[in-house]
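A closer look at the structure
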Amino acid sequence: MNWPRVQLGEVVDLLSGHPFKSERFSSDERDIPLVKGENVSQGSILWDISKRWNAGDWNSLEKYQLRPGDVIVAMDRPWIPAGLKWAYIREGDPKALLVQRCSRLRPKGDELDATFLRYVIGGGGFESYVKPITTGVNVPHISGRQILDYTFHLPPLPTQRRIAGILSAYDELIANNQRRIAILEEMARALYREWFVHYRAPGVVMGEDGLPEGWEVKRLGEITTKIGSGATPRGGKGAYHAEGIPLIRSMNVYDDHFIMDDLAFINEEQAEALANVTVQRNDILLNITGASVARCCMAPTYLLPAHVNQHVAIIRVNDELISPHYVLDTINSAQKKKAILSIAQAGATREALTKEAIENLDIILPPKALTDRYEDIAAPMFEERELLVQQSANLRRTRDLLLPRLMSGRVELNTVEA
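Residues numbered from 1 in each chain as written. Predicted model: local features only at pLDDT ≥ 70, side-chain atom pairs only at ≥ 80, totals over all residues. Heavy atoms only, no water.

**Section: the packing of aromatic side chains**
- Within this structure, the stated rule accounts for 16 aromatic pairs.
- Here the aromatic rings of Tyr-192 and Tyr-326 are separated by 6.0 Å at their centres, their planes lie at 40 degrees, and the arrangement is tilted. With Tyr-192 in helix 5 (residues 157–197) and Tyr-326 in helix 7 (residues 324–331), this pair connects stretches of sequence that are 134 residues apart. The two residues Tyr-192 and Tyr-326 agree in class, both being buried. (Phe/Tyr/Trp six-rings, centres within 6.5 Å; stacked < 30°, edge-to-face > 60°. Helix = DSSP H or I, 4+ residues; strand = E, 2+ residues; numbered from the N terminus. Buried < 20%, exposed > 50% of the residue type's maximum accessible area, 1.4 Å probe, protein only.)

**Things to note about the packing of helix 5 against helix 10 (residues 368–408)**
- Where helix 5 contacts helix 10, the axes come no closer than 9 Å and their chain directions differ by 165 degrees. Of the possible angle classes, the one that applies to helix 5 and helix 10 is roughly antiparallel. Crossing angle aside, the handedness with which helix 5 passes helix 10 is left-handed.
- Looking at the contact of helix 5 with helix 10 residue by residue, the classes come out as 25 nonpolar, 5 polar and 8 charged. (Axes fitted to C-alpha atoms, helices over the stretch in contact; angles between N-to-C directions. Parallel < 35°, antiparallel > 145°, perpendicular 65-115°, else oblique. Left-handed = near helix turned anticlockwise from the far one by under 90°. Nonpolar A, V, L, I, M, F, W, Y, C, P; charged D, E, K, R; others polar.)

**As for the nonpolar core**
- Leu-8, Leu-105, Ile-121, Ile-147 and Phe-152 are the most contacted members of the largest nonpolar core, which has 39 residues in total.
- Considering each element in turn, this core owes the most residues, 6 residues, to helix 5.
- In this structure Phe-152 touches Pro-4, Arg-5, Val-6, Gln-7, Leu-8, Val-11, Leu-112, Phe-116 and Val-120, once residues within four positions along its chain are discounted.
- Counting residues in hydrophobic clusters, the runner-up holds 36 residues, among them Ala-201, Val-317, Ile-363 and Tyr-374. (Core = buried A, V, L, I, M, F, W, Y, C linked by side-chain atoms within 4.5 Å. Contact = heavy atoms within 4.5 Å.)

**Comments concerning helix 2 (residues 114–122)**
- Restricting attention to buried positions, one finds in helix 2 the residues Phe-116, Leu-117, Arg-118, Tyr-119, Val-120 and Ile-121.
- Two or three places before Thr-115, at the start of helix 2, stands the capping residue Asp-113, its side-chain oxygen 3.0 Å from that residue's backbone nitrogen. (Polar contact = N/O pair within 3.5 Å; in protein donor to acceptor, adjacent residues only side chain to side chain.)

**Let's talk about the sheet that holds strand 3 (residues 32–35)**
- Ordered in space as 4-3-9, the 3 strands form an open sheet in which the pairing is mixed. Every interior strand has two partners, whereas the edge strands, strand 4 (52–53) and strand 9 (97–98), have only one. (Pairing = 2+ DSSP bridges.)

Next comes the structure, spelled out in structure tokens:
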């Protein structure tokens, strides 16, 4: 197709974020989420880890307010092994404010469709442009000027909308999977609260000690067969590979879910050195150092075999005594999470959980028959969630293969089903 080539700066308005002071960040859910580099993922905002800002300042920060359709590009560490750190604001997302070192892109004039813009930024062409021009030793970065200098093919507006419609169909399927995942997660949490927080499980009779009859308190070390963390492979970060055996790090582990962003890979020789921390099915992963200490999720089976580095502990439950999903949900319960954070030792530069501290965590042990019943319900929910995650990954791969062909005009639009 003989489409003209234009610079982003000709058709896009770019704004860099505001220098919000970290000492004034809030965790109050009534306050305004901030969009900063750490919660800009590949195509979406990780709202659950957003810092927040006093809602009373909303009107005075109108310039930095984000609205649906805005495209966000991280300017510090814009590219990670998982891909470009970019996202867009969706309909239904919370109102939010833009933080410095992130840029907001909006079409200016009527030459560029807003949805088409997000595929310009999310496509391989822009990522390939960003990687070699990212500069800086300690904090790799790009500038707003460099972003605006990027050139791309600009089809007529009706063609842009047709291309955006085809690609959006894939994104809507992915978003539908995400909604189903959220429902499954909430169902699991609600069941856990009903049975094990409010003690309304089948057959429960309360005892005089505040626990149901037949329930007891155990140390985590008494109901597990393994608690241990790994190490950084020989050669450090420079020895990671583009593919191979997954190495799980703290940035991959969040409460109840696993993030593929920045997943590292090692070769078989490096993996052999970490054979004692090979992740198995139903292993619980717990972050044990730094700002992410105490984040916890179940190991995703689609990544196995995998290993962990020194910032992540494997907790392997003795399933002859208790349900793995019950232990996971207990660790991630509000009460237990608070207890874990309180025992994290303050080191020279970061908080940390020792193996001894993890082993000595108190865990309420209901009767085996009850946790088995819980496992029978929770495990299929987890498996369905994993299936949806894999389906979404396949949809993304198909979309990403199609995207550059559509954007360059190498594929006739009438041959592609929207």
